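In case you want the letters, here they are:
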Amino acid sequence: MLNFFKTTPKNYQDIPSGEFHDLMIQPNTVIIDVRSAGEFAGGKIRGARNLDIMSSDFSNQVKNLPKDKTYLVYCRSGNRSGQACEIMGDLGFEKVKNLKGGIMSWPFETV
């Protein structure tokens, strides 16, 4: 019998904005905004790189990133970035953090 309620453990961490902000200033940290280019242009977290999860080559763009860095990933609400973190985890990335609540919950500066 199939168990529809079996959950696989997440291969990334959801972290609150304060922890995300503290990690941003650490060495070997990459900030990735997975929103559309239009959303990204409307305001982003300083230093973020835009890799749109809805683009057809998202996985290809991600798999070429160095695996030894810590990746801080966000979107508008935390939903798309959670999906992006899962993809990255499946590709073998071990240090992936998702901004809980997305940029909507970001109390710090945006640029």
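The structure reproduced in this document is the subject of the present report. Everything numeric in this text was worked out from a predicted model, so none of it was measured.

## Overview of the overall build of the protein chain
Phase 1: Check the secondary structure of the protein chain and you find four helices and five strands.
Phase 2: The order of α-helices and β-strands along the protein chain, N terminus first, is β-α-β-α-β-α-β-α-β.
Phase 3: Against the compact-globule benchmark of 13 Å for 111 residues, the protein chain has a radius of gyration of 14 Å, which places it among compact chains.
Phase 4: Each principal axis of the C-alpha atoms in the protein chain carries an extent, and together these give about 50 × 30 × 25 Å.
Phase 5: Per-residue burial over the protein chain gives 39% buried out of 111 residues.
Phase 6: Nonlocal contacts in the protein chain, meaning residues at least 24 apart in sequence, comprise 67% of its contacts between residues at least 6 apart.
Phase 7: Counting every atom, the protein chain has about 6600 Å² of accessible surface; 52% of that belongs to carbon and sulfur.

## So, the nonpolar core
Phase 1: Membership of the largest hydrophobic core comes to 17 residues, with the highest contact counts inside it found for Ile32, Val34, Leu65, Tyr71, Val73 and Met88.
Phase 2: Examining the composition of this core, we find that three residues originate from one element, helix 4 (residues 79–90), more than from any other.
Phase 3: If we ignore the near neighbours within four places in the chain, the residues touching Val34 are Leu51, Asp52, Ile53, Phe58, Val73, Tyr74, Cys75, Arg80, Ser81 and Ala84.
Phase 4: Ranked by size, the runner-up nonpolar core spans 12 residues in total, among them Ile45, Ala48, Ile103 and Trp106.

## Some thoughts on the pattern of salt bridges
Phase 1: For the coordinates displayed, the defined rule picks out four salt bridges.
Phase 2: One salt bridge in this structure joins Arg35 and Asp33, with 2.7 Å as the shortest N-O distance. In terms of burial, Arg35 and Asp33 fall into one category: buried.
Phase 3: A salt bridge links Arg80 to Glu39; the shortest N-O distance between them is 2.9 Å. A residue pair is termed long-range when its members are at least 10 positions apart, and Arg80 in helix 4 and Glu39 in helix 2 (residues 37–41) qualify at 41 residues.

## Digging into unusual backbone geometry
Phase 1: Positive phi outside glycine occurs at Asn28, with the angle close to 60°.
Phase 2: One can find Asn28 in the loop between helix 1 (17–24) and strand 2 (29–33).

## Regarding the sheet that holds strand 3 (residues 49–50)
Phase 1: In space, the five strands of this open sheet follow the order 1-5-4-2-3, with parallel pairing throughout. Each edge of the open sheet carries a strand with a single partner, namely strand 1 (13–15) and strand 3.
Phase 2: Of the strand pairs in this sheet, strand 4 (residues 70–74) and strand 5 (residues 96–99) are connected by three bridges, and their pairing is parallel. The residue bridging Tyr71 from the neighbouring strand is Val96, located in strand 5.
Phase 3: Along the sheet face, helix 1 touches strand 1, strand 2, strand 4 and strand 5 and points at about 135° away from the line of strand 4.
Phase 4: The strands that helix 4 touches are strand 2, strand 4 and strand 5; relative to strand 5, the one it contacts most, it runs at about 175°.

Parameters and conventions
- Residue positions within a chain follow its written sequence, with the count starting from 1.
- Local features in a predicted model are, by the rule used here, given only for residues with pLDDT of at least 70; side-chain atom pairs are given and counted only at 80 or more, and totals for whole chains, interfaces and linings are based on all residues.
- As a convention, hydrogens and water are excluded, and side-chain values are obtained from all of the structure's heavy atoms.
- In DSSP terms, a helix is any run of H or I states spanning at least four residues, a strand is any run of E spanning at least two, and both are numbered starting from the N terminus.
- The reference for a compact globule is 2.2 Å times residues^0.38; the radius of gyration itself is calculated from the C-alpha atoms.
- Note on exposure labels: buried denotes an accessible area under 20% of the residue type's maximum, exposed denotes more than 50%, and partly exposed covers the range between, all computed with a 1.4 Å probe on protein chains only.
- Contact criterion: two residues are considered in contact whenever any of their non-hydrogen atoms come within 4.5 Å of each other.
- For accessible areas, the Shrake-Rupley method is used with a probe of radius 1.4 Å. Any residue's cover is judged against the shown protein chains and nothing else.
- For our purposes a nonpolar core is just a set of buried Ala, Val, Leu, Ile, Met, Phe, Trp, Tyr and Cys residues, chained together by side-chain atoms within 4.5 Å.
- Each reported salt bridge corresponds to a side-chain nitrogen of Lys or Arg within 4 Å of a carboxyl oxygen of Asp or Glu.
- By the convention used here, strands pair only if DSSP detects at least 2 bridges between them.
- Helix axes are fitted only over the stretch in contact, all axes being lines through C-alpha atoms; the angle between N-to-C directions runs from 0 to 180 degrees.

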